[in-house]
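Coordinate inspection notes
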Amino acid sequence: MLNVIPIAEALSLVLRQFGNNTGRVEKVGLQYAPGRYLGEDVTAPEDVPAFDRSTVDGFAVRSSDLRGCSDAIPAILEKTGKSLMGQPYEKPLLPGECVYVPTGGAVPPEADAMEMIEYTEPLGGTQFAFFRPVAPGENLILRGEDLREGETILHSGRNLGSADIGTLAAIGITEVPVFCQPVVGIISTGDELVPPDEPLNPGQIRDVNSDMLRAAVEQVNGIAVKRGIVEDDYDALMEACNELLPMVDVLLVSGGTSMGEQDNMPKIVAEMGEMLVHGLAVKPGKPTIIGDVGGKAVFGLPGNPVAAFFIFDYLVKPLLLALQSGEAVTHPVEARLTRAVSSNHGREEFILVRLNGSEAEPVPSKSGLISTVSRANAYFVIPRDQEGLPKGALVHVTRL
Ligand code: AMP
Ligand code: MG
């Protein structure tokens, strides 16, 4: 008999025991930063924009020069030049003068507003008529309005998206401090397994977990080291674990975690380090092992691919996020069941659903059929002692 514990307890244990961010930070070029987690606060080294900019095509003016002008009584100003992109007009604007500035161009000193070109008319020579007054500051982005020098723009731990990359480019930060990616070793064990690119002999099945877990690791920005298939042999599995462990932060071994004769993981984890958990009170996912080998997390995941998928999502993914200082928590959303679901009692149960707006449609899933997970896009957990849930029940679903 396995001494089973609830999954929430297992999750807090995993995060407590292994989730302290090591704080290892590296610098990567901007092109490698998307999806990574920022390793320190980023402050603006300079004002952005670095000069007052126009938001329209038109003329930089002193707003006081246009006071009271109208279609009937235009103001007449003298155009003294242009402020072109990258070649600003640097002389201060004197009363009665205007300077042409395109959108985004620098507004000259002493100008305090932009008049849109639509409200002006050339009068021949350098004279222009202005038909509409402007308020001070109108049609301008002021120096430092986007970012002020010294202002913290992006906080440590932020998962960098494309807008953040743009912000970093705007302030000239091209070497970005990010938390190091956790390295995760992946082993599949089972005498019946063959690699996905090989034909099947009778009784054999394809190794689903190696590629699935690699994808899952990479989706949360980890580096996967795939060792491949190892037979159900104590020595062979021990050797594979020993070979991988020095190179990784976390080791995932799927299969061979139960109490059967061929199941070597319980013995191996106990031999190499400390077995923290053997058995989770959840369906699917009961034969799960959590071990500590020299401070590194070793997970024995169930061979059943659906169970391995759920346990990864529930336990391993939060750890990999915590190790990168990302948020370890998922954000469940509320939805209503479109059909009743039944559950066996005594264990919590992962239920797959298709989430459509605020409706959750249960996806029937037989143990081990990974394609059922592909048909779903979210899941929720039925509590341990609940026999089932009626149609319309409110559930908290986690997106996949
Ligand atoms: P085990 O956890 O080794 O008892 O395996 C449980 C079930 O999952 C068995 O039906 C195995 O054939 C299957 N299984 C184990 N490992 C894998 C794998 N890597 N890919 C697909 N199925 C697997
Ligand atoms: Mg097996």
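Up top is the structure.
Residues numbered from 1 in each chain as written. Chains lettered and ligands numbered in written order. Predicted model: local features only at pLDDT ≥ 70, side-chain atom pairs only at ≥ 80, totals over all residues. Heavy atoms only, no water.

1. Some words on the pattern of salt bridges
Here is the rule we go by: The salt bridge criterion pairs a side-chain nitrogen of Lys or Arg with a carboxyl oxygen of Asp or Glu, the two atoms within 4 Å. For helices the rule is a DSSP run of H or I covering at least 4 residues; for strands it is a run of E covering at least 2, with both sets numbered from the N terminus onward. Using a 1.4 Å probe on the protein chains alone, a residue whose accessible area is under 20% of its type maximum counts as buried, one over 50% counts as exposed, and one in between counts as partly exposed.
Taken as a whole and judged by the stated rule, the model has twelve salt bridges. With its nearest N and O atoms 2.6 Å apart, the salt bridge here joins Glu26 to Arg36. Of this pair, Glu26 sits in strand E1 (residues 25–29) while Arg36 sits in the loop between E1 and strand E2 (42–43); the two residues are ten residues apart in sequence, bridging distant segments of the chain. The class of Glu26 is partly exposed, set by a relative accessible area of 29%. Residue Arg36 is classed as buried on the basis of its relative accessible area, which comes to 5%. For Arg214, the salt bridge goes to Asp211, with nearest N and O atoms at 3.0 Å. Of this pair, Arg214 and Asp211 both sit in helix H3 (residues 209–219), three residues apart, roughly one helical turn. We classify Arg214 as partly exposed; its relative accessible area is 30%. A cluster of three or more residues bridged by salt bridges with shared partners is formed by Asp47, Arg143 and Arg148.

2. Here's the deal with helix H5 (residues 265–272)
Formally: Of all possible arcs, the one meant is that of the directions from the helix axis to the C-beta atoms. By definition in these notes, contact holds between two residues if any of their heavy atoms fall within 4.5 Å.
When H5 is considered as a whole, its buried residues turn out to be Met265, Pro266, Ile268, Val269 and Met272. The arc that holds the buried residues of H5, viewed along the axis, is 165°, so those residues lie on one side. Contacts made by the buried residues of H5 are with helix H4 (234–244), strand E17 (250–254), strand E18 (274–278), strand E20 (289–293) and strand E21 (296–301).

3. Notes on the packing of H4 against H5
Let me state the cut-off plainly: For helices, the fitted axis covers only the stretch in contact; all axes are lines through C-alpha atoms, and the angles between them, taken along N-to-C directions, range from 0 to 180 degrees. Should an angle lie under 35 degrees it is considered roughly parallel, over 145 roughly antiparallel, and from 65 to 115 roughly perpendicular; all remaining angles are considered oblique. Crossing handedness follows the turn of the near helix against the far one: under a right angle anticlockwise gives a left-handed crossing, and clockwise gives a right-handed one. Each residue receives one of three labels: charged for Asp, Glu, Lys and Arg, nonpolar for Ala, Val, Leu, Ile, Met, Phe, Trp, Tyr, Cys and Pro, and polar for the others, Gly being one of them.
Two elements in contact, H4 and H5, have axes separated by 10 Å at closest approach and are oriented at 50°. Looking at the two axes, H4 sits oblique to H5. Note that H4 runs across H5; the crossing there is right-handed. Contact residues: Tyr234, Leu237, Met238, Cys241 and Asn242 in H4; Met265, Lys267, Ile268, Glu271 and Met272 in H5. Residues belonging to the contact of H4 with H5 are distributed by class as follows: seven nonpolar, one polar and two charged.

4. Brief notes about the side chain of Ser210
Looking at the element boundaries, Ser210 is found in helix H3. We classify Ser210 as buried; its relative accessible area is 1%.

5. What to know about the sheet that holds strand E4 (residues 58–61)
Rule in force here: If DSSP finds at least two bridges between two strands, the strands pair.
Spatial strand order, E7-E4-E6-E5-E9-E8: six strands in an open sheet with mixed pairing. At either margin of the open sheet sits one strand with a lone partner, and together these are strand E7 (113–116) and strand E8 (120–122). Ignoring strand direction, the axes of neighbouring strands in this sheet form an average angle of 40°. Here strand E5 (residues 75–82) pairs with strand E9 (residues 127–130) via four bridges, running antiparallel. What sits directly across from Glu78, in E9, is Gln127.

6. Re the packing of aromatic side chains
What counts, and what does not: A pair of aromatic rings is counted whenever rings of Phe, Tyr or Trp (Trp by its six-membered ring) have centres within 6.5 Å, and the orientation is called stacked for planes under 30 degrees apart, edge-to-face for over 60 and tilted otherwise. Whether a charge sits over a ring comes down to the Lys NZ or Arg CZ being within 6 Å of the ring centre and within 35 degrees of the ring normal.
According to the stated counting rule, one finds eight aromatic pairs in the structure shown. Arranged with centres 4.8 Å apart and planes meeting at 50°, the rings of Phe59 and Phe128 form a pair that is tilted. Here Phe59 is found in strand E4, whereas its partner Phe128 is found in strand E9, with 69 residues between them in sequence. In this structure Phe128 comes out as buried when scored by relative accessible area, which is 12%. When the centroid spacing of 5.1 Å and the interplanar angle of 80° are considered together, the rings of Phe310 and Tyr379 count as edge-to-face. You can see Phe310 sitting in helix H6 (residues 305–323) and its partner Tyr379 sitting in strand E26 (residues 378–382), a full 69 residues away along the chain. Judged by its relative accessible area of 1%, Phe310 falls in the buried class. Seen from the ring of Tyr119, Arg132 lies directly overhead, with NZ or CZ sitting 4.7 Å from the centre.

7. Here we look at the side chain of Asp232
The criterion, for reference: Polar contacts, as used here, are pairs of N or O atoms within 3.5 Å; protein pairs need one atom able to donate a hydrogen and one able to accept it. Residues neighboring in sequence count only if both atoms are side-chain atoms.
Here Asp232 shows up in the loop between strand E16 (223–230) and H4. A polar side-chain atom of Asp232 sits 3.4 Å from a polar atom in the side chain of Thr189. Those residues in contact with Asp232 that lie beyond four places of it in its chain are Thr189, Gly190, Asp191, Glu192, Gln262 and Asn264.

8. Some thoughts on the nonpolar core
Basically, it comes down to this: Nonpolar cores were defined as sets of buried Ala, Val, Leu, Ile, Met, Phe, Trp, Tyr and Cys residues, with membership established by side-chain atoms within 4.5 Å.
Core analysis: the largest hydrophobic core is formed by 44 residues, its most contacted members being Val250, Leu252, Leu280, Phe299, Leu315 and Leu320. Put simply, the parts of the chain that give this core at least two residues each are helix H1 (7–18), strand E13 (183–189), H3, E17, E21, H6 and strand E24 (348–356). No other element matches H6, which puts twelve residues into this core. Residues contacting Leu315, with those up to four places away along its chain left out, are Ile7, Ala10, Leu11, Val14, Leu280, Ile290 and Phe299. Counting residues in hydrophobic clusters, the runner-up holds 20 residues, among them Val183, Leu244, Val253 and Val293.

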